[in-house]
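Remarks on the overall topology
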Amino acid sequence: MDAIGNLEIRWIQGFTYNNIEFVDNKTVCFSCGSHISFLNLETKLRSVFHSPHRGIGALTANGNRGIFAFSEQKLSPSIFVYNFPDFQLKNELKGAAQLDYTSLTFSNVGPYLACCASLPDYTITVWNWENAEPICTQPQAGEDVISLAFNPLNWLQLCALGTASLTVWNIENSGDVHVLKPRKIELPVTDRSFDKKLASFSDNFRNKRSYFMSEVPPIATSGLKEDKPLGIVKTVSSSRASATPSAICWTATSELYVGCKEGFLLLVDPESLHVSVLFNPTFDDAIPELKKSHFQALTLHGKDLIAVGKESVVYRLQIRGTQTNITQSWQLERPVTNGMLSPDNETLLLPSNTGQIYTLNPTHSDKIVTVLDVSSGNFLTAAFFQSDKNVCVSLRDSGELQLWSSDGICLKSLSLQTEVTSLACCPIALYAAVGTASGIVFFIDLNEEQPRLVHQIQLYHTAVDQLVFDQSGHYLLTSGSNSHIYVLHAKPSMRFSVIGYTVIPEHILSLCTQYLRDVEEVKILALCTEQGYNNEEGDLITVLSLSVRNLADPDSVDRHGCLSAHILKVFRYTVPHPLTSCVLGVSEVFAYCHRKKTLQQFHLPEDTDGLSSQQVVELKPKQEVKGHPMGPTSLLLSPNGLWLASVGRDGLLRIRQSSAMEEYIELQCHSCRLGGVRSVSFSTDGHTILTAGFKDGSLVCTNVRIEGVDTGKIHKATKCSQSVTLLKNIFTTENSILTDLPAWGQDSTGESEKSGENEASGGISVDVTEQDESYSSLLWAPHAHPTWLESRHEAVVQEDNKKYFEAKKNLKETIRELRNTIQKMLRENENLSEEQFNLDVEEQRRFEDMVEQEVARVRAEIEQDIVEKCYFRDVLKKECWDSLMVKGRAIKAFHSELVVQNFPLKERAEKHCEVLQRVQNIRRIEKAACTLSSAKEEEQKEEGREAESATLTGSFSAQLGCSNPYVYNQFSLQTTEQRINQIILLQDTIYRIKTVFNNEFEALHRRKIRELKCVKDRNKQIKEMMLELDINQDLWEPSLTDSECPERLLTVDDSEIKAEKRLTPAQQEEERRKFAERGHLAAQDDSRDRALYEMMDKELEVKKVDILKLEISPPEFVLTKPSTHWNEEEKKVYKEYEKKVKDLNEEKEQYKLSLEIEIKKLQECSKDATEKFDETLTLLLEKKVKCTIAVYQEELKITYLVDSVVLEEEMKSQERELKIKLEMMLMYKAKTEEEVKKCTDQVENFREEYGRIVAEDKEFDSDFRKEFFDVPSQVVDVLNKLFKNRPRLVILCSCLLIHYFFYCYYIASSQESFLFFRVQKMRFQTNNTSVPSSSLCPDASSQLLKAMDELDAPKNMPEGLNLTIWQRFCLMRRAKVQSEQKVHVKASALAEVQEFLRRRLDEDHAAQQEVKNLSEALEHLHKKRNNNLINTIVQVGLKQGQVEVSSTDLTADTAQTDFILQHKSVVDNLRGIIRNLAEEKVAIMEKRKAIRKDIIQLEWEHKVMKNKIEDLNDKTKDIRMLRLSEEQQDLTHRSKTDQRKCMSKKVTDLEKTLALMKMTHQRSIQQRKKKIKKINKQAAVKAKQNTVLEQELPDVQVTVSELRHICEAADTEENEASTTLKHYQVVVQRRNLEDLARGQSEDLDVLQREVERLRMRNFPSLDQLKYN
């Protein structure tokens, strides 16, 4: 495909901080897209290595050797090793990974490279890259490995850093056989506790188990210890979080510094796996600076450690033992993520994730040098300017705009601080247009040193999708998601004004232009897709033809800015298959179809005069060639129209001739794994192409070399160059205008234009309500930032408002009148009916339909909600109610709060019944097969069994008569099957207990219902009697509660529904029909009753006479005549009347009394019946308690049995696991034995070979004199001395190795068994090459040959010796030296093989020991199982007082105490003996107590007497020391009579004094009252004055405020100074007063203490006299 030319990378930009390595002392390399960039730290020049393979994966370099290696990105990738700076391929390493590599690293010693593959194999491989041979491989070893690092001093140690683990891999070798052996480093936990504490915690946890937790056998820890050198059994991970490693660094003593994300700094010894904590951020005394960030990178500089943290600070740490100190720190501008030293340890490299690389020399200078400063992030797009300099502009996702030179140097940059979407470069001026996500287009001037924003315009409220300049620089075209295409003036002289817009009804995918210079016309092609369809493919092509000449006409756009039809011609085309990208040529269209993966060429019809804008023409592809393997693909046509560029997600750049698309040239510019190419741009001459990656953050500039261009294409290119020449004049003019434009926001014009654009006019609104008309203008609020089109519409509205102001004013008046009229009509309509009000029938119907739809929707939602709730109700009812055979209910007592509940029961499943039947059949067979004891023994033991049955069964189920007869004896449960059968039988026992109780419960429940019915009947009779007695009293009427009748909870009565029931018209009609039917039936049935009523003389039943309502009417004369006018007959009649009334009243009283007695009898009957029911309920409660106890006891037994069964299953699973481990270990043991056998044979072969070589070497010494038999003996002696001379280098190494080897060989051979010595940690090294190798390195061989040539020189020949003999001597000595070298090499190889064999023997011994441990654990587990089957847990029910145990509480620690079951007679006998001994002991103790009491009494009396003597002595001393006043002394010498007289005299004087004080007090009170009256008068006067002053106060305050303001305004500084001085004086005065008060208080305290001291001296206390 290179027949038409080739592509060469010119430069590349971008920076990824992940993979950066030193390739020599002054050069670093890092991956950049699909290329490797090399940066010289001194010259700051960059070079590019284009990978001839598929992308760049992992990258590493070795600065000492000048080589670098990288992996490609494809299936089964290879690793390529190149040298620097020649870029010659050293070797290709194949076959170590299937998908990708995660890490690569070189060893400092030897040609070795380590790599780690990603999923699925996660293989770590060590290569000899010179021979392209893998030395050793370990699969499934690096699942989380992110970095590998060889030990710089020993390539046989490799450290693998994972995301949460750290592993050291030792490479063990035996000749040509190498093996990788892991040693995992256990890092400390992050809460100040380490492995030892964690182990002790787990031990304590094992020792403190609950009662039902079985003891974990030793097999649980078998094979799980870290010190076992076996990789078969995984270690038990701790539940506590351990430290997470983030950085590693090898030390000079082959140890590891490990930095952690949690801030820990550790020192790890790979040999002993010992971890030392150098820095712990959780300690209180930790270094505060290091607490703030974790360690991201570590590197060793001399004896110090350089640490890179999360912040932008780098520390140099000095580590002495376990003490860590900061000796130096460097502050950087940006946070760095890594740190590494150059191979010569002179330069420290610090890359940043924001695109900067810093260097410093830690030894000589603290100056930080920035060698690279480019922004990081992905490029959005890039484009060339049409100038000779080939400068280009790039735009990143972060909004940073950068200008690049033709050599790839960043000239200037500007951060836009917004989300950007598109970029376009103007061909006639040095500025760029940038589209944003907010719909704004920025115009950036790039002429100045700092880019500046000169203009911006809001075109959309959504993102600007496309920005395109036409080739002539006349227009800038934009498109967005609203399908509006705006045409702007591209010339700065026109101030980037908007010409107009057009609307395309479809969604625009891409936009491109083509300028036809002959007709001065710009053609615009828009690839569109229908709205709502796939936004990546479109099958509609719209071509717009825009004339350049006629745009200045006033009728080119309408008033709203829309382009006129005669200016903008629209042609619409369709294609057979959807396209993803297309570009417009002169008369053809180049497109890419992703579905067919082909490039297509369409020819546009030349005759378009008859086509209308609505007519769609179908295009057929004229040419179709194969496209990119991965899409979608973007196309771009060069400015001269000769070349067609295509880029896709595969990262390939392909260049074709536009006339012949079959041939192409291609270049892998970007990585297909990171999205491929995002954008492509041609330079003006078409010889340079700029591509931006999708996610790789790289920008690639490529030169196009074209060969064999025909004459027609040259003519076309010449014509294009002439057009470019014409643009240069315009460029000069417009660019000067551009530079004169002020920055955006600094000119008044821009501000006025901006404010003009933001103005919006309100529309006309009509309001028929009583609100103000200005209210309607608030209903429409413009956008915060109106677009150009919205501003244009607002300007048109304002213009119309001015033009039609008078007409609008008249319309407003008319509208106001209409509004008043309508408001009047509205007020009238309020009094009209609904039919008269609704004049608009259609609107009414529409509104009704809308209401019905809304009602239907709400009804549907409600119905759906009801259906869901009904479904949940049915599910819950089915699971919690219908599934119960016996529903849960309760019985409540009549006269108390006593409640008894039953046992809810589910119906037994058929399967459960079958299992129970099977178990019972088994028990039947077992009982039938058992042999019974003799009848005599049964009779003797019958009583004991009856007494002990409840005790041994462990529950009360037998006493309740509900026990299953087939239940096992607790002491006979020996197998797991028996225990499972016992569980089933116990469950049946529980079921029986509950069933029996439920039957009694149901009987009592039915009885309560009968009692309630009886009570109800009695209450009915009582109510009738009370009605006759005219008594209004509430009766006690018990009823069933919800808990007693739970069925009521599942039904809803109409009385419970509070909402009004709403019926549909159909339901209402149904109700009316039912009511009419009932009325008709009632009318038919009433005829029979009426006939019977007439026949029975209007009395259907004999009514009982109500005696209480009977009354005897008096005679008529009583009412008409007075008693004096009665005759005898009337008086007699009246007497009879009175007698009848008296008899009737007596009868009434008797009837009342009988009714009351009947009422009391009925009430007493109800009370007695309910009380008896409560007593029965109490008995049922007692039985419920017993049944519950029995159920709990049976459940406890089931719990014991389940625990034993589960424990048995756990032991079985542990046994299976142990067997599997034992099988694996036996296989591993067989493998190790085979390896030991092979190694033993190899060692024997090496020994034989070594013995043969040593024998051959000794033959040289024995054959020396024979070789020179023809030479005199004196000369032979001299030659023998010279024969033993060796070069200095050979003597040193050979002696050390020989002595070391023979010493170790002697030790190994002197043992009884076959023992082997161990190669030390630090091997002998010469010239940085480890001695144990199969051959000498070329440098050592060359040095040896030079040294031998010096010894063989003729000048060292003895005098008088023949030259021929000397030459023969030199050849023999050289052969001897070579033989010695072979011996040395073979000795080293033999030592390695023996060391390898020793390690294999250790592994074999460890495997044998592990097999032994597993076998012992398996045997211990068998014993444990047997013990578990024999020693069963038995539940025993004992009465209070029958348990003889220790008094300690049964806690978790004492729950496993062993108890012994004994017969009651043994315990009783023991109690009798104890009782007799106790009585004897009590008698002895009582005698001892009486004697002891007497002794204690005498001792107490003795002590009391001693205390009295001491008190009397003390009182005597106090009396002698007592000091009395003269008066007290006088009183002591007087008699009692004189003392009384003296005291009475003093009392008389005191009474006189008290009377005088009372008189004086009364006088002072009178004086105070007079003063109070006077003060009250003065207060009244002052109150009046205050009232007057309060009235004057506001005016005074105003005056004072004015004066204060005037004063402050006049002399603020003086006022402040005086205020400050006054405040200072007050403070000083206050402080002086406080000091004075403090001093006076101290003086007062001193004086008070002195007064107290003098008072105590002159007037001593007399308290001690109380003892007298």
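Quick caveat, the model's predicted, so the values are computed rather than measured.

Rules and cut-offs
Residues numbered from 1 in each chain as written. Predicted model: local features only at pLDDT ≥ 70, side-chain atom pairs only at ≥ 80, totals over all residues. Heavy atoms only, no water. Helix = DSSP H or I, 4+ residues; strand = E, 2+ residues; numbered from the N terminus. Buried < 20%, exposed > 50% of the residue type's maximum accessible area, 1.4 Å probe, protein only. Contact = heavy atoms within 4.5 Å. Areas by Shrake-Rupley, 256 points an atom, 1.4 Å probe, with all protein chains shown as cover. Core = buried A, V, L, I, M, F, W, Y, C linked by side-chain atoms within 4.5 Å. Axes fitted to C-alpha atoms, helices over the stretch in contact; angles between N-to-C directions. Parallel < 35°, antiparallel > 145°, perpendicular 65-115°, else oblique. Left-handed = near helix turned anticlockwise from the far one by under 90°. Nonpolar A, V, L, I, M, F, W, Y, C, P; charged D, E, K, R; others polar. Phe/Tyr/Trp six-rings, centres within 6.5 Å; stacked < 30°, edge-to-face > 60°. Pairing = 2+ DSSP bridges. Salt bridge = Lys/Arg side-chain N within 4 Å of Asp/Glu carboxyl O.

**Overview of the overall build of the protein**
When helices and strands are counted, the protein shows 24 helices and 63 strands. The 1668 residues of the protein split such that 38% are buried. Residue pairs in contact within the protein that sit at least 24 positions apart in sequence constitute 56% of those at least 6 positions apart. By element, 53% of the accessible surface of the protein is carried by carbon and sulfur atoms, the whole surface being about 101,000 Å².

**Focus: the nonpolar core**
In terms of nonpolar packing, the biggest core is built from 32 residues, with Leu985, Phe997, Leu1177 and Leu1180 touching the most fellow members. For this core, the elements supplying multiple residues, two or more each, are helix H10 (910-929), helix H12 (976-1028) and helix H15 (1128-1262). Here this core gets 10 residues from one element, more than from any other, and that element is H12. By size, the runner-up hydrophobic cluster in this structure holds 27 residues, among which are Ala429, Ala433, Ile457 and Leu459.

**A look at the packing of H10 against H12**
Direction vectors running N to C along H10 and H12 enclose 115 degrees, while the axes themselves pass 10 Å from each other. Classed by the angle they form, the pair H10 and H12 counts as roughly perpendicular. Between H10 and H12 the crossing geometry is left-handed. When H10 is examined against H12, the residues His912, Val915, Leu916, Val919, Gln920 and Arg923 are found in contact with a partner set consisting of Asn981, Ile984, Leu985, Gln987, Asp988 and Arg992. Class assignment for the residues of the contact of H10 with H12 results in 5 nonpolar, 4 polar and 3 charged.

**Some words on the packing of H15 against helix H20 (residues 1363-1430)**
Contact geometry of H15 with H20 gives a least axis separation of 6 Å together with a crossing angle of 165 degrees. By the angle class used here, H15 and H20 are roughly antiparallel. For the element pair H15 and H20, the recorded crossing hand is left-handed.

**What to know about the packing of aromatic side chains**
A complete count under the given rule lists 32 aromatic pairs for this structure. Taking 5.1 Å as the distance between ring centres and 70 degrees as the angle between the ring planes, the aromatic pair formed by tyrosine 431 and phenylalanine 496 counts as edge-to-face. One end of the pair, tyrosine 431, is in strand E35 (residues 431-436); the other, phenylalanine 496, is in the loop between strand E40 (484-489) and strand E41 (498-503), with 65 residues separating them in the sequence. Judged by its relative accessible area of 0%, tyrosine 431 is buried. The exposure class of phenylalanine 496 is buried, given its relative accessible area of 2%.

**What to know about the sheet that holds strand E20 (residues 265-269)**
An order of E18-E19-E20-E21 is seen for the 4 strands of this open sheet, with the pairing classed as antiparallel. Whereas interior strands pair on both sides, the edge strands pair on one side only; in this sheet they are strand E18 (245-250) and strand E21 (274-279). Neighbour-to-neighbour, the strand axes of this sheet turn through a mean angle of 25 degrees, independent of strand direction. Where E18 meets strand E19 (residues 256-260), 5 bridges bridge the pair, whose relative direction is antiparallel. Bridge pairing in E19 links tryptophan 250 to leucine 256.

**Some remarks on unusual backbone geometry**
The linkage connecting phenylalanine 84 with the following residue, proline 85, adopts the cis geometry, with an omega of 10 degrees. When you line up the elements, proline 85 lands in the loop between strand E8 (79-83) and strand E9 (89-93). In the segment running from leucine 119 into proline 120, the intervening peptide bond is cis, with an omega of 10 degrees. As for its placement among the helices and strands, proline 120 is situated in the loop between strand E11 (112-117) and strand E12 (124-128). The backbone phi angle of glutamine 140 is positive, close to 50 degrees, even though this residue is not glycine. Mapped onto the fold, glutamine 140 is located in the loop between strand E13 (133-138) and strand E14 (145-151).

**Some remarks on the sheet that holds strand E48 (residues 598-603)**
In sheet architecture, strand pairing relies on hydrogen bonds along the backbone and comes in two forms, parallel and antiparallel. Read from one edge of the open sheet, 4 strands run E46-E47-E48-E50, paired in antiparallel fashion. One side of each edge strand has no neighbouring strand; the edge strands of this open sheet are strand E46 (581-584) and strand E50 (623-626). Direction aside, the axes of adjacent strands within the sheet are offset by 15 degrees on average. For strand E47 (residues 588-593) and E48, the ladder comprises 6 bridges, and the chain directions are antiparallel. Bridging across to E48, valine 589 finds its partner in phenylalanine 602.

**As for the pairing of strand E36 (residues 440-445)**
With respect to burial, E36 is a largely interior element, 6 of its 6 residues being buried. Relative to E36, E35 runs antiparallel, the two being bridged by 5 bridges. Bridged to alanine 432 within E36 is isoleucine 444. What sits between the antiparallel neighbours E35 and E36 is a turn of 3 residues, in which glycine 439 has the positive phi angle 90 degrees. Pairing analysis gives 6 bridges linking E36 to strand E37 (residues 452-458), with the strands arranged antiparallel. Along E37, the bridge assignment pairs aspartate 445 with arginine 452. From the end of E36 to the start of E37, which pair antiparallel, there are 6 residues.

**Brief notes about the pattern of salt bridges**
Scanning the model with the defined rule gives 54 salt bridges in all. Lysine 1197 serves as the salt-bridge partner of glutamate 1194, at 3.6 Å between the closest nitrogen and oxygen. Placement of both glutamate 1194 and lysine 1197 in helix H15 is noted, with a separation of 3 residues, approximately one turn of the helix. Several salt bridges share partner residues, and in doing so they unite Glu172, Lys181, Glu1395, Arg1398, Arg1399, Arg1400, Asp1402 and Glu1403 into one network.

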